[in-house]
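Chain residues, written in single-letter form:
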Amino acid sequence: MRNDAHCGVWKVWLYAASAVALGAWISPLIFNAGKALAEVSSHKTTNAPLEKLAGICRVSEFPVFFNASLLLAAVVLFFPWMEWVHAKSDSAHGMTGPWRVRLPGGPRTIGCGQRLLKNLRGPWQGCAGFLVMSGVLLSLGIALVPAGYFSMQMPQRGTLPKALGLLAGVFLIAAITEIIFRGIALGIFLRSLRPLTAIAMSAGFFAIVLAVIPTNEINVTDPEASGIGFELLKKSLLRFADWKNLVGSLVPWLVLGGLLAYARWRTASLWMSVGLMAGWLFGKEMLAKLCHSVASPEVGQFLQQGLMPLIAILLTGVMVRFFTTNDHDEDSAAP
């Protein structure tokens, strides 16, 4: 790997590390601001958006504010980081201007990497990815009901309204996630590394970023203390010292990240990966709403992490291989 390409890869990792550090640092401030808004709104009449935000802040625990801080830090650092990534190529072409939102083209030479191409089959591939991923997840989960491990419970409003209400949200989250992870980050990796190495690094990057997000079970004793965000971050990472969490959560995330990166590389577009990600989010959320453990909490977690999601990802990956085409020589993926 060339020195300039090496610099481009590490800029991606440095951006992620900086966003996490900044988010952890400001999280107590965001927590205090949110609780102050909740307290003020309880004594004064405010407009509807502020009232709704205050209601969320009133009932939320510190991990919610921590996640919001991470998102805020990522947004604040995004444009300076994009300018930093662009700096080398833009100066070489005489391009000036403070902010440009496009796929970074900094540390690369012409002909390297894989551009995102116009894909006439994109909408079909996105729908196929969504249906396959969500269908496999839901089928595996529902198949365990006759075995006596789970019971089905229909939502009060009905299954169809619940499903329709989820669709817009999961596709929005999936689109944002795929633009960042598979559009920008993987784009830089592909311009700097061989495809197989880039896909593997993208999967690791995706899993590590998810690993810093705390679960509902993780909390802190004093959310107003200075540096408490770093304590929560430490707890989030230390949970993977337990092999059950390592195998149950981190391994499926790695495999999912690899599948999404592979789909983006196979199609040279984001349609398929967006559909797969949306199907993953939709399937897991619907399983959480419909299936309830009749055995133990550990069995209930089986639907959300561990072997069942891993099997669903692998089965979906086999189908993706046959649903997609690639105009490039697949031997180029070999190291």
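Look above for the structure.
What you see is a predicted model, and the numbers here were worked out from it, not measured in a lab.

Before going further, it helps to spend a moment on the environment of Phe-65. Positionally, Phe-65 belongs in helix 3 (residues 62–92). By relative accessible area, Phe-65 is classed as buried at 6%. Each C-alpha atom of the pair Phe-65 and Ser-27 lies 6.3 Å from the other, and the pair is 38 residues apart in sequence. Apart from residues lying up to four places away in sequence, Phe-65 is in contact with Ile-30, Phe-31, Gly-34, Lys-35, Cys-57 and Ser-60.

In this section: the nonpolar core. Within the largest apolar cluster, 52 residues are counted, with the highest numbers of intra-cluster contacts made by Trp-81, Phe-189 and Leu-276. Counting only elements with at least two residues in this core, the list comes to helix 1 (3–43), helix 3, helix 4 (122–143), helix 5 (159–192), helix 6 (195–211), helix 8 (243–267), helix 9 (271–290) and helix 11 (307–323). Considering every element that reaches this core, the biggest residue donor is helix 5, with eleven residues. Sequence-distant contacts of Phe-189, defined by excluding residues within four places in its chain, comprise Val-9, Val-12, Trp-13, Ala-198, Met-201, Ser-202 and Phe-205. Membership of the second largest hydrophobic core comes to 14 residues, among which are Phe-66, Val-220, Ile-228 and Leu-232.

Together, Trp-124, Leu-307, Ile-311, Leu-315, Val-318, Met-319, Phe-322 and Phe-323 make up an exposed nonpolar region whose accessible area comes to about 780 Å². Looking at which element gives the most residues to the nonpolar patch, the answer is helix 11, with seven residues. The topology assignment puts Leu-315 in helix 11. On the basis of relative accessible area, Leu-315 is assigned to the partly exposed category, the value being 40%.

What counts, and where the lines are drawn
- Residues numbered from 1 in each chain as written.
- Predicted model: local features only at pLDDT ≥ 70, side-chain atom pairs only at ≥ 80, totals over all residues.
- Heavy atoms only, no water.
- Helix = DSSP H or I, 4+ residues; strand = E, 2+ residues; numbered from the N terminus.
- Buried < 20%, exposed > 50% of the residue type's maximum accessible area, 1.4 Å probe, protein only.
- Contact = heavy atoms within 4.5 Å.
- Core = buried A, V, L, I, M, F, W, Y, C linked by side-chain atoms within 4.5 Å.
- Patch = residues over 30% accessible without salt bridge, like charges linked within 9 Å, V, L, I, M, F, W, Y side chains within 5 Å.
- Areas by Shrake-Rupley, 256 points an atom, 1.4 Å probe, with all protein chains shown as cover.
- Salt bridge = Lys/Arg side-chain N within 4 Å of Asp/Glu carboxyl O.

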